[in-house]
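Chain residues, written in single-letter form:
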Amino acid sequence: MQPLLVCLQDDDGLAAAVETAIGARRVQLERRQFPDGETYIRFDTELRDRDVILFWTLDNPDRKALPLLFTAMAARDLGAASVGLVCPYLAYMRQDERFRSGEAVTSIHFAKLLSNHLDWLVTVDPHLHRHDSLSKIFDIPAIAVHAAPLIAEWIQHSVEWPLLIGPDEESLQWVAAVAKAAQAPFTVLRKTRHGDRKVDVQFPEVDRWRGYTPILVDDIISTGQTMIKTIQHLVEDGMQHPICIGVHGIFSDEAFHDIMKAGANKVVTTNTICHQSNAIDLCQLLSAAVKDVLSKS
């Protein structure tokens with residue numbers, strides 16, 4: 001039977017495109033808050049024996065997670081054959097180790113929470129560092145698709161003489177993959193972090209790369225502090241104004257404005273989170289992964 005798709009977010013176009021690509025039927029969900037802040041959920045369609053796909057990207061996760069869980073639990077309680085989640089941006093992946101005594105390892109805790117109420121998950125480039133794959137922390141099929149080939153394609157079509165720059169040593173493998181696909185050179189920054197919002201960066205071998213267009217590539221742009229410091233450093237050293245590319249454009253506070261003000265030529269993101277910088281469409285990438293997981297369920 002035709003799968004049912006429930007879009008919990010204001011439809012930014014990506015959900016509708018995925019719905020069409022996989023041949024799903026949209027189901028309306030009544031969702032509102034009571035005056036005391038509690039969430040009300042109601043499906044207006046019969047779900048029994050149907051595959052239900054929830055679509056919601058998890059920026060601002062503390063606000064979104066509980067309604068998501070209630071929706072998944074309600075679908076199961078109403079007899080859905082399966083309940084999966086298409087989550088272009090998956091939150092709570094950064095805290096993957098107990099760095100200080102007493103800390104919660106929230107990547108593991110959040111994965112367990114989702115695993116308890118979903119049958120499968122599809123996401124884009126989760127922030128994995130100490131975990132080799134999502135299967136290390138999820139108890140359900142959890143598929144991560146990768147935007148690197150599409151980012152490389154955008155670079156090839158949009159930039160002459162690109163130089164890809166990763167934010168730190170941890171990004172080496174990811175930036176190298178994008179650079180290889182784009183047939184472009186790359187380097188990584190030497191970064192020292194002094195807190196959530198204070199970062200020092202060093203850009204090696206500046207003279208070697210004059211004449212290239214610097215492209216700062218990262219999986220997540222949140223506060224943008226690393227990019228801002230790097231932009232300032234590059235401009236001061238006489239390099240071209242860089243292009244900043246991120247898979248997930250969170251843009252905390254005034255980060256987008258601050259990045260542009262620092263001297264970025266352009267900021268480009270994929271459409272995992274709806275933003276004016278979206279220039280790389282992930283519909284086909286997500287749709288193929290959803291079709292694959294549905295065929296195996």
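In what follows, the structure referred to is the one given above.
Definitions and cut-offs
- Residues numbered from 1 in each chain as written.
- Predicted model: local features only at pLDDT ≥ 70, side-chain atom pairs only at ≥ 80, totals over all residues.
- Heavy atoms only, no water.
- Helix = DSSP H or I, 4+ residues; strand = E, 2+ residues; numbered from the N terminus.
- Rg over C-alpha atoms; globule rule 2.2 N^0.38 Å.
- Buried < 20%, exposed > 50% of the residue type's maximum accessible area, 1.4 Å probe, protein only.
- Expected span 1.5 Å × (residues − 1).
- Pairing = 2+ DSSP bridges.
- Axes fitted to C-alpha atoms, helices over the stretch in contact; angles between N-to-C directions.
- Contact = heavy atoms within 4.5 Å.
- Parallel < 35°, antiparallel > 145°, perpendicular 65-115°, else oblique.
- Left-handed = near helix turned anticlockwise from the far one by under 90°.
- Nonpolar A, V, L, I, M, F, W, Y, C, P; charged D, E, K, R; others polar.
- Polar contact = N/O pair within 3.5 Å; in protein donor to acceptor, adjacent residues only side chain to side chain.
- Phe/Tyr/Trp six-rings, centres within 6.5 Å; stacked < 30°, edge-to-face > 60°.
- Lys NZ or Arg CZ within 6 Å of the ring centre and 35° of its normal.
- Core = buried A, V, L, I, M, F, W, Y, C linked by side-chain atoms within 4.5 Å.

*Asks:* Any chance you could break down the overall build of the protein for me, citing the residues and the numbers?
*Replies:* Scanning the protein from N- to C-terminus turns up 8 helices and 16 strands. Compactness check: the protein gives a C-alpha radius of gyration of 20 Å against a globular reference of 19 Å for 297 residues, within 12% of the reference. With the principal axes as the frame, the protein shows a C-alpha extent of 65 × 45 × 35 Å. The buried share of the protein, reckoned over its 297 residues, is 52%.

*Asks:* Describe helix 6 (residues 225-236), naming the residues involved and giving the relevant values.
*Replies:* In a regular helix each residue adds 1.5 Å, so 12 residues correspond to 16 Å; helix 6 covers 17 Å between its end C-alpha atoms and thus fits that length. Restricting attention to buried positions, one finds in helix 6 the residues T226, M227, I228, T230, I231 and L234. Just past helix 6, the residue G238 takes up positive phi, approximately 85°.

*Asks:* How would you sum up the sheet that holds strand 16 (residues 278-280)? Please name residues and give values.
*Replies:* With parallel pairing, 6 strands are arranged side by side in an open sheet as 10-9-13-14-15-16. Of all strands in the sheet, those with a lone pairing partner are strand 10 (186-188) and strand 16, marking the two edges. The sheet shows a mean angle of 35° between the axes of neighbouring strands, taken without regard to direction. The sheet contact formed by strand 15 (residues 266-270) and strand 16 spans 2 bridges and is parallel. Following the sheet pairing, T269 is matched in strand 16 by N278. Here helix 7 (residues 255-262) sits on the sheet and contacts strand 13 (213-221), strand 14 (243-249) and strand 15; the angle it forms with strand 15, its principal contact strand, is near 140°.

*Asks:* I'd like to hear about the packing of helix 1 (residues 14-22) against helix 8 (residues 283-296), residue by residue, with values.
*Replies:* Contact geometry for helix 1 and helix 8: axes closest at 9 Å, N-to-C directions at 45°. When the axis of helix 1 is compared with that of helix 8, the two are oblique. Of the two possible hands of crossing, helix 1 and helix 8 adopt the one that is right-handed. Residue-level inspection shows L14, A17, V18, A21 and I22 of helix 1 in contact with helix 8, the latter providing C283, Q284, L286, S287, V290 and K291. Among the residues making up the contact of helix 1 with helix 8, the classes are represented as 8 nonpolar, 2 polar and 1 charged.

*Asks:* So what about the sheet that holds strand 2 (residues 25-26)? Which residues, and what values?
*Replies:* Taken in spatial order, the 6 strands line up as 2-1-5-6-7-8 in an open sheet, and their pairing is parallel. Bordering the open sheet on either side are strand 2 and strand 8 (142-145), each of which pairs with just one other strand. When strand 5 (residues 51-55) meets strand 6 (residues 82-87), the two strands line up parallel, connected through 5 bridges. Note that in strand 6 the partner of V52 across the bridge is V83.

*Asks:* Any chance you could break down the side chain of T213 for me, citing the residues and the numbers?
*Replies:* Its location among the elements puts T213 in strand 13. The class for T213 is buried, based on a relative accessible area of 12%.

*Asks:* Can you explain the environment of T45? Please cite residues and give values.
*Replies:* Mapped onto the fold, T45 is located in the loop between strand 4 (39-43) and strand 5. With residues up to four places along the chain from it excluded, the contact list for T45 reads L4, R25 and V27. For T45, the side chain forms a polar contact with the side chain of D44, separated by 2.9 Å.

*Asks:* Outline the packing of aromatic side chains, supporting the account with residue identities and numerical values.
*Replies:* Following the criterion strictly, the structure yields 5 aromatic pairs and no others. Relative to Y40, the ring of F34 has its centre 5.9 Å away and its plane inclined at 85°; by these criteria the two rings are edge-to-face. Ring geometry for F251 versus F256: centroids 5.4 Å apart, planes at 80°, classification edge-to-face. Across this residue pair, the class does not change: F251 and F256 are buried. In this structure an aromatic cluster arises from ring pairing among W161, W209 and Y212. For R32, the ring lying beneath its charged end belongs to Y40, and the centroid distance is 4.3 Å.

*Asks:* Please give an account of the nonpolar core that cites residues and values.
*Replies:* Residues I151, I155 and L164 are the most contacted members of the largest nonpolar core, which totals 42 residues. It is helix 8 that contributes the most residues to this core, 6 residues altogether. Leaving out residues up to four positions away in the same chain, I155 has contacts with P162, L164, V178, A182, I215 and I245.

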